[in-house]
Amino acid sequence: MSLSENQGRVRAVLGPTNTGKTYLAIERMLGHATGMIGFPLRLLARENYDRIVALKGRRTVALITGEEKIIPPRPRWFVCTVESMPLDRAVDFLAIDEIQLCADRERGHIFTDRLLHARGREETMLLGSDTIAPLLRRLIPEAQIETRPRFSTLTYAGAKKLTRLPRRSAIVAFSLNEVYGLAELVRRHRGGTAVVLGALSPRTRNAQVAMYQAGEVDFMVATDAIGMGLNMEIDHVAFAGTRKYDGEKPRRLTPAEIGQIAGRAGRYQRDGTFGVTNNIAPLDDELAVAIEGHQYDTIDRLCWRNRDLDFASPQALINSLSAPPPVPVLYRPRDGEDMDVLKSLVTDADVRARATNPAAVRLLWEVCQIPDFRKVMEDIHVRLLRRVYLYLTTNEARLPGDWIRQQLDRLDNLDGDIDTLTQRIAHVRTWTYISHRADWLADSAQWQAQARRIEDRLSDALHERLLQRFVDRRAPIMAKQRQGDGAVLSYVDKSGDVIVEGICTGRIAGLRFLREGGQDRAESRMLVSAARPTIALEIADRVGRLAADEDASITLSRDGRIRWHDVEIAYLQKGSTPLAPDIALMRNEFLSRDQRVAVLARLNRWLERYLHRRLYPLFAARNAKLGAAARGIAFRLAETLGAVPRSDALAQVTSLQAEDRKKLSGIGLRFGAHCLYLAPLLKPSAQRLRAILAAVYAGGSVPPGLDHALSLPAAGVSAEMWHHMGFRVLGNRAIRYDNVERLAAALRKHAKQGAFEGNAALVKLAGCEGDDFAAVLAEFGYTVSAGDKTPLFEAKKRPATAKRSPKVEPQPRAVKPDSPFAKLRGLTIAR
């Protein structure tokens, strides 16, 4: 009896793992003008797609999975997951891998459907375990069945302690907690491990496998996800358990399942071994012999689900999905995830109101087939699919872009631990699947790209979390150091990062090496030790570049830090005078004594030129040919950065020769009643540098707002530091020396006239009011007293003469109540 659709030659190539079945199928497919092959995993489909593209080019090969579609205009060969095979497209060759999965309770009905109905025009090839051979003969009697032997020998090695397992071992467990616990032990005792779980995204799984394949770690802890198609250089498979939860209940693995996983050991003609860890009982001799000889019980029935569906109504659809199989060797398993969702959705009144015609019911069934990669509470997935269906049955018949964006934006978050990122990736994969429905979205290509970008970012973050938790990154480096072959690879990239065997151990900033944060001390010490020669060479090169670089590449920051190409390399510290600070290099264990001397010499030359350019009048006064009195003034100016109280230099000023006074005035020196100061040094750039030098000398910091200020609060800064910055402390204020002279002149004018027209001008010069203003004036010998009857402004009266017309007395100007000068009303300034 045959239920299959007979078209072309049907060939079944059966046998254990490592028999070259997949290689043969791809070779046969490429020998035909067109072809299609279905794999059980998206990961396997992608891996083999890349292989074929390398041989034939991207223009001839298509990739179709639930979450990824790459379809050139005229493809000849299609690489797919079994669920996504476009069976409406006729091809000359068609193959299905792992055909024994027809017996799988969750996905078996899909494989059985392909077994019975998917055919190539010229050739169909079925690949898998020979346990399905008897049923193939019964269901497809015309099939030519051939059995291929394994290329290498598989041998049982018994039980071993985890710490005694040979390198290149895979340790298999069947729950997340077991996998994580074993991975922690392997990291602690063996240096680290890759982790492979079915829940990982393909990108993360590939990264973990690549790490193992490259020899960065010698162990892998995995679930039975490694049992199907992942080709890795595994020498030994150790089972840490032989029971798994199958979705309904915990059960013992069948011999065929153990054999499928154990068969990952040994590739091509290299023999492999399998065994158990010492925490479980050894395998029975009979079971071990069966696995070594690949002798398993044959499959007695296959999963099946009706493919002729009735879309007249939701209930009709459910009834057709529940139809019994046509022959006893086929059976209908428990309802799948899509059937459970359908039964839940048809209980919703809004869904029933819209699923009233065949097209709407067909759409409902397509929505129910959106996979739940999260495997969380069923009602959460049902609510999502309900919303999708209701949107698709509106007049627009599209999913709203704003809603999709909101869902994806919530998932674009790299925070969280391994489990959180895994769940987030699973949710994104559901959206990736949805984004490939071009008939459901207005711009499916955009959403595909965004979902893929988020999945890739999360996958990379998850890979890093797995590395941090389960890989001691010192292990491969220590192994190379133990071997003494000097093969540890280290280099400095363009951004200054120091890379040791692919690990960023820190970065070189300026002339310093900064260690990478987050590393433990032992790991950091070992990595730096391995990179030390590379770091030393790079810093030596930078010392040479600094010596040859232009002065413009070096700058001085407001806090006295010297920067080279905007990176700190040194700082100013107190010297013998404010104008002669010392330079100290940043702490640096990689600079030799000679290099330190060279760097300091270069920076001292720069600083000397820098100070001469910015504070030229100071050096011009000090170097001018002057008499003794003038030289004394120039010396005092250099000591105090350009300002000397007149009282401190009174003797020199009194004995100053006219010619010397003229020379000093030409340099910019102003002889004020209260101070001698160099006016050019009041420019913002010079004022800023003076403040930096004063702060370094005093051990303080530059006050904010200094560059253009004439008056500032004096608190928090010493009078000496204010003086070095060109300010005089008067009361609670620090007033710049040129403004002190203006204020003094205004007060002298007031004293001569007996009254002052415009006290507001005094306030502006002093930069303060109220008690602070009174304190400033007290420094000049003036007092301020309150009197309600005293007018704010008082004009000096002139005696009238016959020749002059009467003059109108000036009136006081109005002062707004909220003006800062309003407080002056009622104050009299008296000497």
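The structure this text deals with has already been given above.
Notes on the structure in this doc start here. Because the structure is predicted, anything quoted here is derived from the model rather than measured. (Residues numbered from 1 in each chain as written. Predicted model: local features only at pLDDT ≥ 70, side-chain atom pairs only at ≥ 80, totals over all residues. Heavy atoms only, no water.)

Notes on the nonpolar core
Among the nonpolar cores identified, the biggest contains 76 residues, and I562, L603, L615, L618, L664, W722 and M725 are the most heavily contacted of them. Top contributing element to this core by residue count: helix α18 (residues 521-548), with nine residues. Of all hydrophobic cores here, the second largest spans 63 residues; its members include M339, V382, I418 and W447. (Core = buried A, V, L, I, M, F, W, Y, C linked by side-chain atoms within 4.5 Å. Buried < 20%, exposed > 50% of the residue type's maximum accessible area, 1.4 Å probe, protein only. Helix = DSSP H or I, 4+ residues; strand = E, 2+ residues; numbered from the N terminus.)

Description of the sheet that holds strand β24 (residues 561-564)
Two pairing modes exist for strands in a sheet, parallel and antiparallel, and in both the strands are linked by backbone hydrogen bonds. Across the sheet, four strands lie side by side as β23-β24-β25-β26; this open sheet has antiparallel pairing. Where the open sheet ends on each side, the last strands, each with one partner, are β23 (554-556) and β26 (582-585). Averaged over all adjacent pairs, the angle separating strand axes in this sheet is 30°, with direction ignored. Sheet topology note: the β24/strand β25 (residues 567-573) ladder contains four bridges and is antiparallel. Each residue of the ladder has a partner; that of I562, found in β25, is A570. Taken strand by strand, helix α19 (residues 593-614) contacts β23, β24, β25 and β26, and its axis lies near 140° from that of β26. (Pairing = 2+ DSSP bridges. Axes fitted to C-alpha atoms, helices over the stretch in contact; angles between N-to-C directions. Contact = heavy atoms within 4.5 Å.)

Regarding the sheet that holds strand β7 (residues 123-128)
As summarised here, the arrangement of the eight strands in space is β4-β3-β5-β2-β6-β7-β1-β8, forming an open sheet in which the pairing is mixed. The two strands at the open ends of the sheet, each matched to only one other strand, are β4 (69-70) and β8 (144-147). Sheet strands touched by helix α2 (residues 42-56): β2 (35-39), β3 (61-64), β4 and β5 (77-81). Its angle to β3, the strand with the most contacts, is close to 170°.

Topic: helix α5 (residues 176-190)
Three- or four-residue spacings in an α-helix give side chains the same orientation, since the helix completes a turn every 3.6 residues. With 15 residues, α5 extends 20 Å from end C-alpha to end C-alpha; this agrees with the ideal 21 Å at 1.5 Å per step. For α5, the full list of buried residues reads V179, Y180, L182, A183 and V186. Seen end-on, α5 carries its buried residues on one side only, within an arc spanning 165°. For α5, exposure combined with an orientation more than 90 degrees from the buried face picks out N177 and R188. For α5, the elements touching its buried residues are β10 (169-172), β11 (194-196), β12 (219-222), α15 (418-435) and α16 (444-470). The first or second residue beyond α5 is G191, which carries a positive phi of 100°. (Expected span 1.5 Å × (residues − 1). Arc of directions from axis to C-beta.)

Any functional reading would require information that these geometric values do not contain.
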